[in-house]
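Read off the chains here:
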Amino acid sequence: MAERKLNIALAGAGLMGRLLAWRMSEKGQQVSLFESGSLEKPAGACHTAAGMISPLSELFHCPLPIYQLGMQSLQYWPDWVSQLEQTTGSKVDYRQKGSILIAHPQDRSELLQFQQELDAKLGSENREQLQWLDNNSLRNLEPELEHFDRGLFLASEADIDNRKLLPALLQALRQNHIRLHENTPAECAPGTVHSVRGTESFDLVIDTRGLGAKKQISGLRGVRGEVMVVETPEVQLNRPVRLLHPRYQLYAVPRANNQTVIGATEIESEDMSPISLRSTMELSSALYSIHPAFAEARVIETRVNCRPATMDNLPVVESQPGLMRINGLFRHGYLLASALVAQAEIEVSRSTQTTQQVT
Ligand SMILES: Cc1cc2nc3c(=O)[nH]c(=O)nc-3n(C[C@H](O)[C@H](O)[C@H](O)COP(=O)(O)OP(=O)(O)OC[C@H]3O[C@@H](n4cnc5c(N)ncnc54)[C@H](O)[C@@H]3O)c2cc1C
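All of these numbers come straight from a predicted model, not from anything done at the bench. (Residues numbered from 1 in each chain as written. Predicted model: local features only at pLDDT ≥ 70, side-chain atom pairs only at ≥ 80, totals over all residues. Heavy atoms only, no water.)

Draft legend 1. View of the site of the ligand. If you check the shell around the ligand, you find 34 residues, and the closest are Glu-35, Met-52, Ala-186, Phe-330 and Tyr-334. Residue Leu-15 places a main-chain N or O atom 3.1 Å away from an oxygen atom belonging to the ligand. A distance of 3.1 Å separates a nitrogen atom of the ligand from a polar backbone atom of Ser-36. Of all the secondary-structure elements, those providing two or more residues to the shell around the ligand are helix H1 (15-26), helix H2 (45-48), strand E15 (221-231), strand E19 (298-309) and helix H9 (333-352). Classifying every residue of the shell around the ligand by side-chain character gives 17 nonpolar, 13 polar and four charged. (Near = heavy atom within 4 Å. Polar contact = N/O pair within 3.5 Å; in protein donor to acceptor, adjacent residues only side chain to side chain. Helix = DSSP H or I, 4+ residues; strand = E, 2+ residues; numbered from the N terminus. Nonpolar A, V, L, I, M, F, W, Y, C, P; charged D, E, K, R; others polar.)

Below you can see the structure in the form of structure tokens.
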């Protein structure tokens, strides 16, 4: 069997578009990437996200396939990141140190409920993935969580600094001589892309436009999410921490330079206007309740975007001759991206395999 090289177009240079374009170009395919906005400052949800890759934490609210795909993703990310770091010389800050769930003493039932939900969804497989932490073991992992005496440790979970990953992917795309068309909104059809450049033909078009594909994907909607970035040298966390609370769910993801990404709201709205005062107060007070030293943290950024979601919040992968659409990654882009890209690679590879006689 010989592999025929394809001329592939991708529309949308968000997370899926960049990752797919990079992987396809590494396989020797000829790739063109169309992006409606700027490549340096992505407008998509990928730029706003916290970058957690947390299949167990997400399983509490989500169906099993999200968890299963997420566990697959955890197998691809380390190798892909190290290849990306080697070829571009850029640090991406992928970290697999697990995550910790905590609750205030009066909300401790939230931790128990979390465990029971995962028990119900995963059965006995779950038990070794979830570890109860007492006061001492919690302090060993996260000395700053001194106000909490119990927690849950999800050792397999990871996170990635999206503000480093996205530019590194762009650099790799440039190194691989991908044809990059920014500020070029595109429409996709089987085997063709329509843009201000005209109508161009390709062997395969892959639509990764997130919310930009709303007209083509029935039921696709945006779900508003707000995050804040705070900075303080006073509190040093080592991994993502989630505070379970009956009203305000909060995560705090530590980043380089004493920064912490905190989030996120989830509002059924496609409003992209700046963060509300209410969300700012709720996120800040939940963070302050984790450690009082966060009170003096400086708010250095607020981010708002809409997650592309389907009606059942599951991803959509549609394929027909000459056109593939991958969308609806909702709050799971980083969690699912590498598994979905690997699936797409297999599909593309199948379509390129031709017998020697035919070629
Ligand atoms: C507040 C928040 C926090 C999040 N946190 C996490 C997290 O911790 N972990 C996680 O796994 N996920 C998280 N997510 C979800 C994640 O960001 C998304 O699932 C992911 O970005 C979706 O990737 P995508 O490539 O499909 O879409 P996007 O990232 O939205 O990219 C779509 C791209 O297509 C471009 N485009 C649109 N229309 C056109 C057109 N006509 N032609 C060409 N280009 C076009 C856009 O400009 C954009 O660059 C979060 C999201 C938000 C909003």
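We are not done yet, so read on.
Draft legend 2. Layout of the confidence of the model for the protein chain. On average, residues of the protein chain score 94 in pLDDT, and 97% of them reach the 70 mark or higher. pLDDT under 50 marks residues 355-359. Its contacts with residues more than four places away, or in other chains, come to four contacts. (pLDDT = per-residue confidence, 0-100. Contact = heavy atoms within 4.5 Å.)

Draft legend 3. Expanded view of the packing of aromatic side chains. What the rule picks out here adds up to three aromatic pairs. Seen in terms of ring centroids, Phe-60 and Phe-114 are 5.5 Å apart; in terms of plane orientation they differ by 20°. Their pairing is stacked. With Phe-60 in the loop between helix H3 (55-59) and helix H4 (64-88) and Phe-114 in helix H5 (residues 109-122), this residue pair connects regions lying 54 residues apart in the sequence. Look at Tyr-76 and Trp-80: their rings are 5.3 Å apart centre to centre, the planes differ by 35°, and that puts the pair in the tilted class. Separated by four residues within a single helix, Tyr-76 and Trp-80 lie in helix H4, roughly one turn from each other. Across from the ring centre of Trp-22, 5.6 Å away, lies the NZ or CZ of Arg-23, which sits over that ring. (Phe/Tyr/Trp six-rings, centres within 6.5 Å; stacked < 30°, edge-to-face > 60°. Lys NZ or Arg CZ within 6 Å of the ring centre and 35° of its normal.)

Draft legend 4. The nonpolar core, seen in detail. Counting residues in each nonpolar core, the largest one holds 51 residues, and the members touching the most others are Leu-20, Ile-53, Trp-77, Ile-160 and Leu-165. Top element by residues in this core is H9. It accounts for ten residues. Apart from residues lying up to four places away in sequence, Ile-53 is in contact with Leu-74, Trp-77, Tyr-94, Glu-157, Ala-158, Asp-159, Ile-160, Tyr-334 and Leu-335. Among the nonpolar cores identified, the runner-up in size contains 24 residues, and Leu-145, Val-230, Ile-290 and Ala-297 belong to it. (Core = buried A, V, L, I, M, F, W, Y, C linked by side-chain atoms within 4.5 Å. Buried < 20%, exposed > 50% of the residue type's maximum accessible area, 1.4 Å probe, protein only.)

Draft legend 5. Spatial organisation of the sheet that holds strand E17 (residues 250-255). Read from one edge of the open sheet, eight strands run E7-E8-E6-E16-E17-E18-E15-E19, paired in mixed fashion. The strands lining the two open edges of the sheet, one partner per strand, are strand E7 (131-133) and E19. This sheet shows a mean twist of 25° between the axes of neighbouring strands, independent of strand direction. The pairing of E17 with strand E18 (residues 259-263) spans five bridges and is classified as antiparallel. Residue pairing across strands places Pro-254 opposite Thr-260, the latter belonging to E18. Against the sheet, H5 engages strand E6 (99-102), E7 and strand E8 (151-154), with an angle of about 35° to E8. (Pairing = 2+ DSSP bridges. Axes fitted to C-alpha atoms, helices over the stretch in contact; angles between N-to-C directions.)

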